Amino acid sequence: MIKYNLKCKNKHEFESWFLDSLEFEKLLKRKMIECVFCRTKSIKKSIMSPRVSNKKEINQPSKEIRKMKKDLLKLRKFVEKNFDYVGKNFPTEVRKVYYDKKGNKNIYGTTTPKEAEDLKDEGIELTTIPWINLKEN
Ligand SMILES: [Zn+2]
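Note that this is a predicted model, so its numbers are computed, not measured. Residue indices begin from 1 for each chain and proceed along its sequence in written order. A pLDDT threshold of at least 70 governs which residues receive local features in this predicted model, and a stricter bar of 80 or more applies before side-chain atom pairs are shown or counted, although totals over entire chains, interfaces and linings include all residues.

Caption draft 1: Focus on the pairing of strand β1 (residues 2-8). Whether two strands pair comes down to DSSP finding at least two bridges between them. Numbered from the N terminus, helices here are DSSP runs of H or I no shorter than four residues, and strands are runs of E no shorter than two. Looking at chain direction, β1 and strand β2 (residues 13-18) are connected through 6 bridges and run antiparallel. Paired with K3 across the two strands is W17, which belongs to β2. Linking β1 back to β2 in an antiparallel pair, the connection comprises 4 residues, with K11 at a positive phi of about 70 degrees. Where β1 lies against strand β3 (residues 43-45), 3 bridges are found, and the strand directions are antiparallel. Paired with C8 across the strands is I43, a residue of β3.

Here it is as structure tokens:
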């Protein structure tokens, strides 16, 4: 079975099923297909609008996204190399650095939004960077 989008001379559009394209041609020639709306037998196959899927786009990130990922990965590697990871102790550790002025210790870790807010209230500005998963790419 094959489905065609059909259009009559009065621009009515409708769909119809046929056994195959040959049968369609045969019925059309014999004027056995009529418009479901106005019963005219002047029918044409209408061009189907192509379906556009975004799936491909998602699976294949654009150049810009790939470049951005690369840059974020570079940033992550830079941080891992030059900063000490303190994990969830970050708020405590960052206060130590900030209040004790123990040199220029570079640390990174995680905070909850509440902890980040508290630190900001204390005048400790944090930089949040998008942490890209190394497994991607
Ligand atoms: Zn019609």
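Let us keep going from here.
Caption draft 2: Up close: the environment of Y4. With respect to the secondary-structure elements, Y4 resides in strand β1. To assign burial, the other C-beta atoms lying within 10 Å of each residue's own C-beta are counted, with C-beta atoms placed from the backbone; 20 or more indicates buried, 12 or fewer indicates exposed, and intermediate counts indicate partly exposed. For Y4, a count of 19 C-beta atoms within 10 Å gives the class partly exposed. In this structure the C-alpha to C-alpha distance between Y4 and F14, which are 10 residues apart in sequence, comes to 8.4 Å. Each residue touching Y4, except ones within four places of it in the same chain, is listed here: E15, S16, F18, F24 and K45. By the criterion used throughout, residues are in contact when their C-beta atoms, derived from the backbone, lie within 7 Å.

Caption draft 3: Structural context of helix α4 (residues 90-100). Within α4, burial applies to F90, P91 and V94. One side of α4 carries all its buried residues, which in axial view fall inside an arc of 95 degrees. Along α4, exposed side chains directed more than 90 degrees from the buried face belong to T92, Y99 and D100. Buried residues along α4 sit against β4 (84-87), β5 (107-109) and α5 (113-121). In this description, the arc belongs to the directions extending from the helix axis to the C-beta atoms.

Caption draft 4: How the structure looks around the sheet that holds β1. Reading across the sheet, the 3 strands line up as β2-β1-β3 and stay open at both edges, with antiparallel pairing between neighbours. Here the strands that pair on one side only, and so sit at the sheet edges, are β2 and β3. Taking each pair of neighbouring strands and ignoring which way they run, the sheet shows an average axis angle of 40 degrees. Note on definitions: angles span 0 to 180 degrees between N-to-C directions of axes, and those axes are lines fitted to C-alpha atoms, for helices only across the stretch in contact.

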